[in-house]
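Listed below are the residues making up each chain.
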Number of protein chains: 2
Amino acid sequence: MTVSTFTRDDLETLPSRFRARLINSLSGFKSANLVGTADDAGVANLAMVSSVVHLGASPPLFGMVMRPETVRRDTLSNIRQHGVWTLNSVSQPILQQAHQSSASYDADVSEFDAVGLTADWLHGFAAPAVAESPLSMGIELVEIVPVHHNQTRFVIGKLSWLEIRRDVIQTDGFVDIEALDLVAISGLDGYHSTSKLGRLRYAVPDETADWLPDEGAGDIKPAVDLTRFKSALRR
Amino acid sequence: MTVSTFTRDDLETLPSRFRARLINSLSGFKSANLVGTADDAGVANLAMVSSVVHLGASPPLFGMVMRPETVRRDTLSNIRQHGVWTLNSVSQPILQQAHQSSASYDADVSEFDAVGLTADWLHGFAAPAVAESPLSMGIELVEIVPVHHNQTRFVIGKLSWLEIRRDVIQTDGFVDIEALDLVAISGLDGYHSTSKLGRLRYAVPDETADWLPDEGAGDIKPAVDLTRFKSALRR
């Protein structure tokens, strides 16, 4: 294949929009999450975020990148005020509405109303979930870490509650997020559906990791009974 | 749909492997990158990382999460020593080898040799790229940010050079990473190919963002001539 080389100086010569789209594409596929927050007047805010990462399972921690506060940033300001937000996975049926929430609405306009999604106030949380999302979490602020080099913020939070379709949790804990029709993001504005290649076994030296059977790793004994957790017909 | 609720206390009652797989699945699809480093003896190291995020385009910054140093962490230790690493996108043809590199090899074993990938020493960089990857970047260390809550590290670096197939860069800068057969990750070990849904236009209030035509946004004038950048037939 013909491969081109770009140095950092080369990239600086490119038009800024071109460069932004290019650099944004280089890290690979990204998750699509709607971040739900509320301000002091109770106005529900919604923001599309592609930078949510897993930080740890015990305690259950997530991080996300927020851009510099050179302009109004409702989400970050709401998180500072109330210390909570929701993460709501973006599925194909709500993709266009989710993307539309990234428009610059005035602070007193709720993106929920503007794009036609439903704010769900769950578990006494001071941040609304997206009723139409098949996977929602309530997150409590742990730490806002400043990135000195470009004034972005790495915002870290701990899972408080999780709402998810029970049937997509496999017997070993793996969640079949593809069954929830979640989308993947590439670059600033590219959206993708996915097709399962499979799961690969835990790798050990001197073997070649093989594909797991569809039912998962089968290493949890006794089996976990998820029916003991509260379920409800919703949405 | 029937939705189940899990509180943080509920999650604590689950077997630790089950919980780890569950929590790891919740943030959505993730990028698949091989991180290439080298130690002082010149042993090339390779690690699979699913937490690379875009931090900014100007300067071009990326972040990634590294786990606590309670055991030997060759990648982080090499990054501390030499201040550089490579990010190499994982495509379908090298997926099983990439996954296998996550096995616990001894420090003096190069994962490149163990899994059968080729170390490419490019641009005088003290970290090897993966010759078989269709998108490689050289990254220079900017900052290692400690996450106080769980002893992970958020490692931040600046792009130094980029090697990519020129034909997948669209006229407005967007990169068609799907054309490179890149995989997406879900949970700890789930792998997916993707199908393009499309790109959505930049959202503005009071409209509904529409799909872009296949050739992109068309807002870069004059068109960028990429043939002026160095190209070579490789791999």
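Scroll up to find the structure this text is about.
If you're wondering where the values come from, they're calculated on a predicted model, not measured in any experiment.

**Student:** I keep staring at the pattern of salt bridges and nothing clicks. Help me out?
**Tutor:** Considering all chains together, one arrives at 20 salt bridges over all chains under this definition. Here Arg 8 of chain B makes a salt bridge to Glu 140 of chain A, at a shortest N to O gap of 3.6 Å. Of the two residues, Arg 8 of chain B sits in helix H1 (residues 8-12) while Glu 140 of chain A sits in strand S10 (residues 135-146), which places them in two different chains. The class for Arg 8 of chain B is partly exposed, based on a relative accessible area of 24%. Glu 140 of chain A gets classed as partly exposed once you look at its relative accessible area, which sits at 29%. Residue Arg 199 of chain A pairs with Asp 189 of chain B through a salt bridge whose shortest N-O separation is 2.8 Å. Separated into two different chains, Arg 199 of chain A in strand S13 (residues 190-199) and Asp 189 of chain B in the loop between strand S12 (184-186) and strand S13 (190-199) make up a pair that spans both. Beyond isolated ion pairs, a larger network of salt bridges with shared partners links Arg 17, Arg 21 and Asp 189 of chain A together with Asp 172, Arg 199 and Asp 219 of chain B.

**Student:** Teacher, can you tell me more about helix H2 (residues 16-25) of chain B here?
**Tutor:** Along an α-helix, residues three or four apart share an orientation, since each turn contains 3.6 residues. With seven of 10 residues buried, H2 of chain B lies mostly within the body of the structure. Phe 18, Arg 19, Arg 21, Leu 22, Ile 23, Asn 24 and Ser 25 of chain B are the residues of H2 of chain B that are buried.

**Student:** So what exactly am I meant to see when it comes to the sheet that holds S13 of chain A here?
**Tutor:** As summarised here, the arrangement of the six strands in space is S2(A)-S12(A)-S13(A)-S13(B)-S12(B)-S2(B), forming an open sheet in which the pairing is antiparallel. For this open sheet the edge positions go to strand S2 (30-31) of chain A together with strand S2 (30-31) of chain B, each flanked by a neighbour on one side alone. As judged from the three bridges shared by strand S12 (residues 184-186) of chain A and S13 of chain A, these two strands associate in the antiparallel manner. Following the sheet pairing, Ser 186 of chain A is matched in S13 of chain A by Gly 190 of chain A.

**Student:** It is not clear to me how the packing of aromatic side chains should be interpreted in this structure. Could you clarify?
**Tutor:** Each aromatic ring pair is characterised by the separation of its centres together with the angle its planes make. Residue and element names in this part refer to chain B. Within this structure, the stated rule accounts for five aromatic pairs over all chains. With a centroid separation of 5.6 Å and an interplanar angle of 80 degrees, the aromatic rings of Phe 125 and Trp 161 are classed as edge-to-face. Here Phe 125 is found in the loop between strand S8 (119-120) and strand S9 (129-130), whereas its partner Trp 161 is found in strand S11 (residues 153-165), with 36 residues between them in sequence. This pair shows no difference in class: Phe 125 is buried, exactly as Trp 161 is.

Rules used throughout
- Residues numbered from 1 in each chain as written.
- Chains lettered and ligands numbered in written order.
- Predicted model: local features only at pLDDT ≥ 70, side-chain atom pairs only at ≥ 80, totals over all residues.
- Heavy atoms only, no water.
- Salt bridge = Lys/Arg side-chain N within 4 Å of Asp/Glu carboxyl O.
- Helix = DSSP H or I, 4+ residues; strand = E, 2+ residues; numbered from the N terminus.
- Buried < 20%, exposed > 50% of the residue type's maximum accessible area, 1.4 Å probe, protein only.
- Pairing = 2+ DSSP bridges.
- Phe/Tyr/Trp six-rings, centres within 6.5 Å; stacked < 30°, edge-to-face > 60°.

That is the geometry; function is a separate question.
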